[in-house]
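Chain by chain, the residues:
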Amino acid sequence: MMDKKAISKAYEKYADSFTPKPTYFKNSAKAFFAGGAICMSAMWFENKFIDSGVSQEMAATYVVIILIVAAQLLTGLGIFDTIAKHAGAGVIIPITGFANSMVAPAIEYKKEGLVLGVGAKLFSLAGPVLVCGITASVIVGVIYWVI
């Protein structure tokens, strides 16, 4: 009879035979180019706004609004997830990723109503991100103030 460690090791080997091997370089390249394409298109929009006479600050604001609205619309139409399957982590640059993390739970729980569904679940994914981000910024601010 086999001992528990041998059985565990045999099962681990068996499970590994079915687990797909990640392609780190390919995934990294896809994420790099997808994120780069998003950022490059954002810069193109910003330059077009500046060329039309809008100030740099307002052009940047307009581009942020465009990125947020685009990510929300693509999430609502179910296209964002399809793009994310192919582009990987490249589509979760902070602006588009945060917009997706706000809209996805709201859509998922809309059948439970506006208050208990959308309202209660709106920050279920983005909430921890906000808490961690705000906490980190406070800690860094205190360290900066002390130094």
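Residues numbered from 1 in each chain as written. Predicted model: local features only at pLDDT ≥ 70, side-chain atom pairs only at ≥ 80, totals over all residues. Heavy atoms only, no water.

A closer look at helix H3 (residues 56-76)
When the terminal C-alpha atoms of H3 are compared, their 30 Å separation across 21 residues agrees well with the 30 Å that a helix rising 1.5 Å per residue should span. What H3 keeps buried is the set Ala59, Val63, Leu67, Ala71 and Thr75. For H3, the arc enclosing every buried residue in end-on projection is 135 degrees, short of the 170-degree limit, so these residues lie on one face. Along H3, exposed side chains directed more than 90 degrees from the buried face belong to Glu57 and Leu73. Buried residues belonging to H3 abut helix H2 (24-51), helix H4 (79-87) and helix H5 (94-108). (Helix = DSSP H or I, 4+ residues; strand = E, 2+ residues; numbered from the N terminus. Expected span 1.5 Å × (residues − 1). Buried < 20%, exposed > 50% of the residue type's maximum accessible area, 1.4 Å probe, protein only. Arc of directions from axis to C-beta. Contact = heavy atoms within 4.5 Å.)

Some points on the nonpolar core
Ala34, Ile38, Ala42, Val63, Leu67, Ala71, Phe80, Ala87, Val91, Ile93 and Ala99 together form the largest nonpolar core, which totals 11 residues. Looking at this core, the elements that each hand over two or more residues are H2, H3 and H4. Residues contacting isoleucine 93, with those up to four places away along its chain left out, are Gly35, Ile38 and Cys39. (Core = buried A, V, L, I, M, F, W, Y, C linked by side-chain atoms within 4.5 Å.)

Here's the deal with the side chain of threonine 75
Within the fold, threonine 75 resides in helix H3. With near-sequence residues (within four places) excluded, threonine 75 lies in contact with Phe80, Asn100, Val103, Ala104 and Ile107.

Description of the packing of H2 against H3
For any two helices packed against each other, the geometry comes down to the angle between their axes and how far apart the axes lie. Running from N to C, H2 and H3 point in directions that differ by 135 degrees, and their axes come no closer than 9 Å. Classified by the angle between their axes, H2 and H3 sit oblique to one another. The chirality of how H2 crosses H3 is right-handed. Touching Ile38, Ala42, Phe45, Glu46, Phe49 and Ile50 of H2 are Gln56, Ala59, Ala60, Tyr62, Val63, Ile66 and Leu67, all from H3. (Axes fitted to C-alpha atoms, helices over the stretch in contact; angles between N-to-C directions. Parallel < 35°, antiparallel > 145°, perpendicular 65-115°, else oblique. Left-handed = near helix turned anticlockwise from the far one by under 90°.)

Regarding the environment of tyrosine 62
Topologically, tyrosine 62 is positioned in helix H3. The spatial distance from the C-alpha of tyrosine 62 to the C-alpha of glutamate 46 is 7.8 Å, given a sequence separation of 16 residues. Not counting chain neighbours up to four residues away, the residues in contact with tyrosine 62 comprise Phe49 and Val54.

With respect to the side chain of glutamate 46
With respect to the helices and strands, the residue glutamate 46 is situated in helix H2. It is lysine 48 that comes nearest to the buried, bridge-free glutamate 46 among opposite-charge side chains, at 14 Å. With sequence-adjacent residues up to four places away left out, glutamate 46 is seen in contact with Gln56, Ala59, Ala60 and Val63. (Lys, Arg positive; Asp, Glu negative; His and termini not counted. Salt bridge = Lys/Arg side-chain N within 4 Å of Asp/Glu carboxyl O.)

Quick word on the packing of aromatic side chains
All told, the structure shown has 4 aromatic pairs when counted by the stated rule. Residues tyrosine 14 and phenylalanine 18 carry aromatic rings whose centres are separated by 5.1 Å and whose planes lie at 75 degrees to one another, so their mutual orientation is edge-to-face. Residue tyrosine 14 and its partner phenylalanine 18 are both found in helix H1 (residues 4-18); the two are separated by 4 residues, about one turn of the helix. Phenylalanine 18 matches tyrosine 14 in its accessibility class, with the two residues each being exposed. (Phe/Tyr/Trp six-rings, centres within 6.5 Å; stacked < 30°, edge-to-face > 60°.)

Overview of a nonpolar patch on the surface
Taken together, the side chains of Met58, Tyr62, Ile65, Val69, Leu73, Leu77, Ile79 and Ile83 define a hydrophobic patch exposed on the protein surface, amounting to about 690 Å² of accessible area. Every element with two or more residues in the nonpolar patch is listed here: H3 and H4. Per-element tally for the nonpolar patch: the top contributor is H3, with 5 residues. For leucine 77, a relative accessible area of 63% corresponds to the exposed category. (Patch = residues over 30% accessible without salt bridge, like charges linked within 9 Å, V, L, I, M, F, W, Y side chains within 5 Å. Areas by Shrake-Rupley, 256 points an atom, 1.4 Å probe, with all protein chains shown as cover.)

As for the confidence of the model for the chain
Reading fine detail from the predicted coordinates is not recommended where pLDDT is low. A residue-level look at the chain finds 86% of positions with pLDDT of 70 or above and a mean pLDDT of 84. Averaged pLDDT values for the elements of the chain fall to 66 in helix H6 (residues 114-121) and rise to 93 in H2. (pLDDT = per-residue confidence, 0-100.)

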